[in-house]
Amino acid sequence: RPTSLNKDRLDEQLREHRVLIADIESHRPSFESINEAAANLIANPDNARVARKIEAKVKDLNTRYTGLQDKAYKRGQTLDEVAVSLDSFLNAVTPFDEWYLQVVEVVDSADNMEADQLGSKFEDIARQRDERRDAFNTMLQTGKNLVIKKDIADATPIRDKIKSK
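Because the structure is predicted, anything quoted here is derived from the model rather than measured.

1. Details of unusual backbone geometry
And then number 1: Phi is positive for Asp 151, which is not a glycine, with a value near 50 degrees.
And then number 2: Within the fold, Asp 151 resides in the loop between α4 (115-147) and β2 (152-153).
And then number 3: The exposed category is assigned to Asp 151, whose relative accessible area is 58%.
And then number 4: Not every positive phi belongs to a glycine, and Asp 154 is a case in point at roughly 60 degrees.

2. Observations regarding the pattern of salt bridges
And then number 1: Taken as a whole and judged by the stated rule, the model has 11 salt bridges.
And then number 2: Glu 16 serves as the salt-bridge partner of Arg 1, at 2.1 Å between the closest nitrogen and oxygen. Taken as a pair, Arg 1 in the segment before β1 (3-4) and Glu 16 in helix α1 (residues 7-26) lie far apart in primary sequence, 15 residues in all.
And then number 3: Take Arg 1: its relative accessible area is 61%, and that puts it in the exposed class.
And then number 4: A relative accessible area of 36% means that Glu 16 is categorised as partly exposed.
And then number 5: A salt bridge links Asp 11 to Lys 7, with the shortest nitrogen-to-oxygen separation between them at 3.4 Å. Note that Asp 11 and Lys 7 are positioned in helix α1 at a spacing of four residues, about one turn of the helix.
And then number 6: Residue class for Lys 7 comes out partly exposed when judged on its relative accessible area of 29%.
And then number 7: Shared partners join several salt bridges into a network, and the residues in it are Lys 7, Asp 11 and Asp 87.

Conventions adopted
- Residues numbered from 1 in each chain as written.
- Predicted model: local features only at pLDDT ≥ 70, side-chain atom pairs only at ≥ 80, totals over all residues.
- Heavy atoms only, no water.
- Helix = DSSP H or I, 4+ residues; strand = E, 2+ residues; numbered from the N terminus.
- Buried < 20%, exposed > 50% of the residue type's maximum accessible area, 1.4 Å probe, protein only.
- Salt bridge = Lys/Arg side-chain N within 4 Å of Asp/Glu carboxyl O.

See the structure below:
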């Protein structure tokens with residue numbers, strides 16, 4: 001299932017993944033036990049043909065289990081990477097939005113200000129803009145990196161936030 005860029009859905013996917021990993025790990029002792037029993041049967045075969053079949057079946061079982069583990073761990077890494085990036089993006093967007101609202105308020109109240117006061121406000125806004133430029137560019141790049149990832153769902157709100165900036 002695609003990784004969600006909706007914080008609540010992503011949290012749910014992370015919880016589900018932790019349960020899946022715990023389930024996979026809980027079966028590890030059974031696989032080890034099967035491998036031991038099969039190794040004993042193969043080491044002392046009464047029938048060589050049956051021993052080869054057991055060996056092939058155990059090898060297939062181990063290959064599948066290892067493949068499942070690998071896929072589950074890769075999925076976990078993807079979920080974790082997206083979660084970190086999404087948190088970073090959302091944490092960066094909030095202060096920018098708050099600052100932007102302050103700028104809009106200044107512009108909206110420009111009719112009620114003296115020219116010197118308005119000039120001072122605009123200089124202050126320009127200084128703040130310059131101070132925030134690197135953080136802003138980093139925020140945009142993080143958002144863009146999120147929406148271009150493979151197997152991503154719920155990207156529209158992030159794209160909309162990027163476009164509105």
